[in-house]
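Geometric and topological summary
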Amino acid sequence: MEMLRRSEVRISGALAVIVGRSNVVGMPIAHMLLQSDATVQILHTKTPREEVERAVRCADILVACAGQPQVVKGEWVKPGATVIDVGINPVDDSSQPKGYRLVGDVDFEPARQRAGKITPVPGGVGPMTIAMLM
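None of these values were measured; they are calculated from a predicted model. (Residues numbered from 1 in each chain as written. Predicted model: local features only at pLDDT ≥ 70, side-chain atom pairs only at ≥ 80, totals over all residues. Heavy atoms only, no water.)

Let's talk about the overall build of the protein chain
- In terms of regular secondary structure, the protein chain is built from five helices and seven strands.
- Secondary structure of the protein chain in N-to-C order comes out as α-β-α-β-α-β-β-β-β-α-β-α.
- A compact globule built from 134 residues would reach a C-alpha radius of gyration of about 14 Å, and the protein chain, at 14 Å, matches this within 12%.
- By its C-alpha atoms, the protein chain is 45 × 40 × 30 Å across when sized along the principal axes.
- Out of the 134 residues in the protein chain, the part that is buried amounts to 37%.
- Counted over contacts in the protein chain with a minimum sequence separation of 6, partners at least 24 positions apart contribute 56%.
- When the accessible area of the protein chain is evaluated, it comes to approximately 7500 Å², of which 53% is carbon and sulfur surface.
- The centroid of the 15 positive side-chain charges in the protein chain is displaced by 2 Å from the centroid of its 14 negative side-chain charges. (Helix = DSSP H or I, 4+ residues; strand = E, 2+ residues; numbered from the N terminus. Rg over C-alpha atoms; globule rule 2.2 N^0.38 Å. Buried < 20%, exposed > 50% of the residue type's maximum accessible area, 1.4 Å probe, protein only. Contact = heavy atoms within 4.5 Å. Areas by Shrake-Rupley, 256 points an atom, 1.4 Å probe, with all protein chains shown as cover. Lys, Arg positive; Asp, Glu negative; His and termini not counted. Charge placed at Lys NZ, Arg CZ, Asp CG, Glu CD.)

And the structure:
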């Protein structure tokens, strides 16, 4: 929420789509967005893919916290939307020294072309979380 506020993202009246329903991220952020007068839609791993795509295409604010690498395709992102990618997932990459790289729940490069604002993975939500805890 602090990232949205400091980035001057309009929350009141916005359609916020949360992809993930965990008790750690998904449900708390949905509740906080509701308290800030957003209209909130919660999707999860059992939501049909076509429904996820439809909802993401309409989202003014998208929070991806499903714990699945690149489950949200960049071309689904509504032009100008704010995208908060909470996911951090290792994927095999033999070109990297450790044999893997970290990606978010959103396919970043194509999403970046459409989003008004987007958090990178790594380096987005994690450092902000640490700063807020300190």
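On we go from here.
Structural notes on the layout of surface pockets
- Of the volumes computed, that of the largest pocket is approximately 450 Å³.
- Lining the largest pocket are 18 residues, with Met1, Ile29, Met32, Val125 and Thr129 positioned closest to its centre.
- Looking at the lining of the largest pocket, the elements with two or more residues in it are helix 1 (2-6), helix 2 (26-35) and helix 5 (125-133).
- Of all the elements, helix 5 adds the most residues to the lining of the largest pocket, at five residues.
- Grouping the constituent residues of the lining of the largest pocket by class yields 15 nonpolar, one polar and two charged. (1 Å grid on protein atoms, 1.4 Å probe; cavity = no way out; pocket = protein on both sides within 12 Å on 5 of 7 lines; lining within 4 Å. Points joined across faces, edges and corners; volume = space filled by probe spheres on them. Nonpolar A, V, L, I, M, F, W, Y, C, P; charged D, E, K, R; others polar.)

A closer look at the pairing of strand 5 (residues 89-92)
- Burial of strand 5 is one-sided: the residues Asn89 and Val91 facing one way are buried, the residues Pro90 and Asp92 facing the other way are not.
- Strand direction decides the pairing type here: strand 5 and strand 6 (residues 100-103), joined by four bridges, are antiparallel. Across the sheet, the residue bridging to proline 90 is leucine 102, located in strand 6. (Pairing = 2+ DSSP bridges.)

Quick word on helix 3 (residues 49-58)
- Taken together, the buried positions of helix 3 are Val52, Ala55 and Val56. All buried residues of helix 3 fall inside an arc of 100° around its axis, so they share one side.
- Contacts from the buried residues of helix 3 go to strand 1 (15-19), strand 2 (39-43) and strand 3 (61-64). (Arc of directions from axis to C-beta.)

Concerning the pattern of salt bridges
- Overall, the coordinates contain six salt bridges when judged by the stated rule.
- Here glutamate 51 makes a salt bridge to arginine 54, at a shortest N to O gap of 3.1 Å. Taken together, the positions of glutamate 51 and arginine 54, both in helix 3 and three residues apart, correspond to about one turn of that helix.
- Taking the relative accessible area as the measure of exposure, arginine 54 reaches 40% and is therefore partly exposed. (Salt bridge = Lys/Arg side-chain N within 4 Å of Asp/Glu carboxyl O.)

What to know about the nonpolar core
- Formed by 17 residues in total, the largest nonpolar core has its most connected members in Val17, Val19, Val56, Leu62, Val72 and Val77.
- The set of elements that each furnish at least two residues to this core consists of strand 1, helix 3 and strand 3.
- Apart from residues lying up to four places away in sequence, valine 17 is in contact with Gln41, Leu43, Ala55, Ala59, Ile61, Leu62 and Val63. (Core = buried A, V, L, I, M, F, W, Y, C linked by side-chain atoms within 4.5 Å.)

Describing the pairing of strand 2
- Here strand 1 pairs with strand 2 via five bridges, running parallel. Bridge pairing links valine 17 to glutamine 41 in strand 2.
- On the question of chirality, the crossover connecting strand 1 to the parallel strand 2 by way of helix 2 is right-handed. (Right-handed = clockwise from strand over helix to strand, strands pointing away.)

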